[in-house]
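This is what each chain is made of:
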Amino acid sequence: MTFPRLGSRPSADPAAVVRGDHYRITVLTEGLVRLEWSPDGEFEDRASTFALNRELPVPSFQVLDAGDHLEIVTDRFRLDYDKGPFTTSGLSLSALGGLSDYQSVWRFGRPVADLGGTARTLDEADGPVPLEPGVVSRTGVAVLDDSESFLFEDDGWVGTRSEGRRDLYVFAYGRDYHGALRAFYALSGPTPLLPRFALGNWWSRYHRYTAESYTALIERFRAEGVPFSVSVIDMDWHVVDVAPEHGSGWTGYTWNRELFPDPEAFLAWLHENGLRVTLNVHPADGVRSYEEPYAAMAAALGRDASTGEPISFDVTDREFLTAYFEVLHRGLEEDGVDFWWLDWQSGPYSRIAGIDPLWMLNHFHYLDSARDGRRGLTFSRYAGPGSHRYPVGFSGDAVITWASLAFQPSFTSTAANIGYGWWSHDIGGHFHGTKDDELSTRWVQLGVFSPLMRLHSGANPFITKEPWSFSPEAGRIMTDFLRLRHRLLPYLGTMNHRAATGGTPLVLPMYYDWPEADEAYGVPHQFLFGSELVVAPITRPMDRSTLLGRVQAWLPAGTWVDLFTGTVYDGDRRLHLHRDLTTIPVLARSGAIVPLDAREVPPNGTAQPEHLEVLVVVGADGAFDLVEDDDGVEPAVTTTALRFDQAAGRVAVGPAQGTGAGVPAVRRWTLSFLAVGETETPVVRVDGVPVGATVERTATALRVTVEGVRLDALLEVEIGSEPQLRADDVDAAVFAVLDRAQIEHEVKVAALAAATGERTLAQRLSGLDGLGLDQAVVRAVGEVLLARAD
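Residues numbered from 1 in each chain as written. Predicted model: local features only at pLDDT ≥ 70, side-chain atom pairs only at ≥ 80, totals over all residues. Heavy atoms only, no water.

### Points about the pairing of strand β13 (residues 166-171)
- Most of β13 is tucked away, with five of its six residues classed as buried.
- Judged from the four bridges that link them, strand β10 (residues 142-145) and β13 form a sheet pairing that is antiparallel. Note that in β13 the partner of Val143 across the bridge is Val170. (Buried < 20%, exposed > 50% of the residue type's maximum accessible area, 1.4 Å probe, protein only. Helix = DSSP H or I, 4+ residues; strand = E, 2+ residues; numbered from the N terminus. Pairing = 2+ DSSP bridges.)

### Focus on the environment of Arg498
- Structurally, Arg498 is set in helix α10 (residues 489-502).
- Its relative accessible area of 22% is what places Arg498 among the partly exposed residues.
- As a C-alpha pair, Arg498 and Leu193 span 305 residues in sequence and 9.1 Å in three-dimensional space.
- Apart from residues lying up to four places away in sequence, Arg498 is in contact with Gly503, Thr504, Pro505, Leu506, Gly530 and Ser531.
- Only 3.1 Å separates the side chain of Arg498 from the backbone oxygen of Pro505, close enough to count as a polar contact. (Contact = heavy atoms within 4.5 Å. Polar contact = N/O pair within 3.5 Å; in protein donor to acceptor, adjacent residues only side chain to side chain.)

### Quick look at α10
- Under the 1.5 Å per step criterion, the end-to-end length of α10 is 19 Å for 14 residues, consistent within 8% with the ideal 20 Å.
- Of all the 14 residues making up α10, eleven are buried; the element is thus mostly covered by neighbouring parts of the structure.
- Every buried residue belonging to α10 is among Leu489, Pro490, Tyr491, Leu492, Gly493, Thr494, Met495, Asn496, His497, Ala499 and Ala500, and all of these are buried.
- Positive backbone phi, approximately 70°, marks Gly503, located one or two places after α10. (Expected span 1.5 Å × (residues − 1).)

### Looking at the pattern of salt bridges
- Applying the stated criterion to the full structure yields 58 salt bridges.
- Residues Asp45 and Arg24 are paired through a salt bridge, measuring 3.0 Å at the closest nitrogen-oxygen approach. Taken together, the positions of Asp45 in the loop between β3 (32-37) and β4 (47-48) and Arg24 in strand β2 (residues 23-29) put the pair 21 residues apart, joining distant regions of the chain.
- Classification of Arg24 as buried rests on a relative accessible area of 7%.
- Residue Glu30 is joined to Arg76 by a salt bridge in which the shortest nitrogen-to-oxygen separation is 3.3 Å. Taken together, the residues Glu30 in the loop between β2 and β3 and Arg76 in the loop between β6 (70-73) and β7 (77-81) connect sequence positions 46 residues apart.
- On the accessibility criterion, Glu30 (32% relative accessible area) is partly exposed.
- On the basis of relative accessible area, Arg76 is assigned to the partly exposed category, the value being 22%.
- Linked by salt bridges that have partners in common, Arg24, Arg34, Glu36, Asp45, Asp146, Arg161 and Asp167 make up one network. (Salt bridge = Lys/Arg side-chain N within 4 Å of Asp/Glu carboxyl O.)

See the structure below:
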């Protein structure tokens, strides 16, 4: 087997290099510099697991050489170096651009206060875990130490480093976090484009299914209107009950035909029903003699199968790795397996020091999965900087607690700081904990607004994630959100392209777009979800007085609309947001445009929909380019411009540009103007010709639906010049909060009188305060009263 290679350009342009007998400094970009020290005077030009592309355009820089002292200056940093072995006093770098001189100086050997990256796993974590470094820092300088990573040879195999050398990459982008991330991807390689099916709902459960019970489950999901795009079959697909002399049944490559008598037919049925399939594999125990592929594996390695000797797993052996793919996996893939869940839990050590088996598995599995013109995909734990090239990430066995849920939003968004944008969590949790319908519902809501949405349960008959296994209310809400995930696919597909070509992950911390705002660093649980949305998930139990969940949020300057409730908020402030179990705060600013699948109950799979709904928030101009493709490895892309002109009150759709491959040639469009006030009668034109439309005003939106619009046509919908967001119905909202509050009825009457009517805002707030109400109730009513300044 010839091992596939990642494209790389590992040798830097000589014009970017400043070199001495034992040091080499490479100015990779205006804000990224490589620092090497070599006792033997030799330097490393092979690609590493982190650094693939050092051949970058040479930036402008100055070298000031004073003989025993060296300075290198770019627009973003000043490097001071004494030309000796790296020491705290002899090597420092200052970020330029307005930061405090003290805070922005990095010295070799001193701790770096970066904003964190991510971690290998959340296995057994019940709350926060320490994070590995990232490439962004509020002080302006972050450092990745690449001295211990292994290397890639020209033939696609791997190699190790010489001992004693130092190899550092210093990112000095100030608070230009987007710039730092672009430099990271330029050096380490881009995030690949995910197959579209990865963006839908995944069903996963560690459970001893049979083919019959599994197909019955999928049929039940269809009957309940719960769509999925990926079936995750955990380890019981293979034989697990083995004789004691073979050890455990944790590793396996032989279908359990008592459970799955005809695997090929089973997998074909799943494909016919719109699902792709991944199987769980724990490869650490190698291949034992009871396995169906044992004889072929032994023959491939030149061993005598009659001895029955186990074949050890050795990912550093070329012959073994070749047979691992061609013997152990090819036949299963021919049966219909689409990709692999690599459940490596056996540590970072192999027979060669410095080579992590998890890295090897992620790298070679991903490249192998991308053969024959397919988009690659793996499903495995994080192995270190550069792991973003092998999506998607499996964060491990999640504990079922509120603390575990509360950490997931910040853990997910912070991973962007190391370019790792496609985490998949055990939504709802894997094990431990207690049955809690509220917790499970809040977790599903977060999952829908996570990079990947994978429901998962451990091997406990009482731990399930089917919506019907919860209370009727919780089950309805979960079902609604699982449908919403598939409705979001047009938006998610566009963000998939943005991540791959623009270097911007789907989920980002708030400080990426507001780096100078202190408040952006104070809401780690709140995040940007694509270009248009801000999500503040609720991750703690509801208050028993209000029966509402609460989350502290920060809204940047502007006017914001909640997608679910239609509530309008003024920004530039901190506030507490309260929601009942049916929603979480998902907010869009004026000018936002969000494309959705218009079907309320999408089917399995992820085909491009014929009917699209476009959410529009008036009050400012907006622009969104809907990107769709044919799911090919070299995608045929179709881009449809969606534009909103606030002055004219006009939405323009198309005409689409590109091949049109995989996209319906004629579409129905619904334009939904969220929380819009009074408007003129909508005027609709296709290619300048007036056409009919269906107009509907709901509690939260004005909806205009137009049939039969060709892909190459221009659709325009006008609702009158300078449309405005409506005023919130404050009195009705206050009544709703008090109605559900678990307080005395007479107190409710007094509170309603104090908070409504012809009173100033100050009078309302002071009147509430004077009643001695539970502060949770006061805060919930206060949110309503303070949503808008007017």
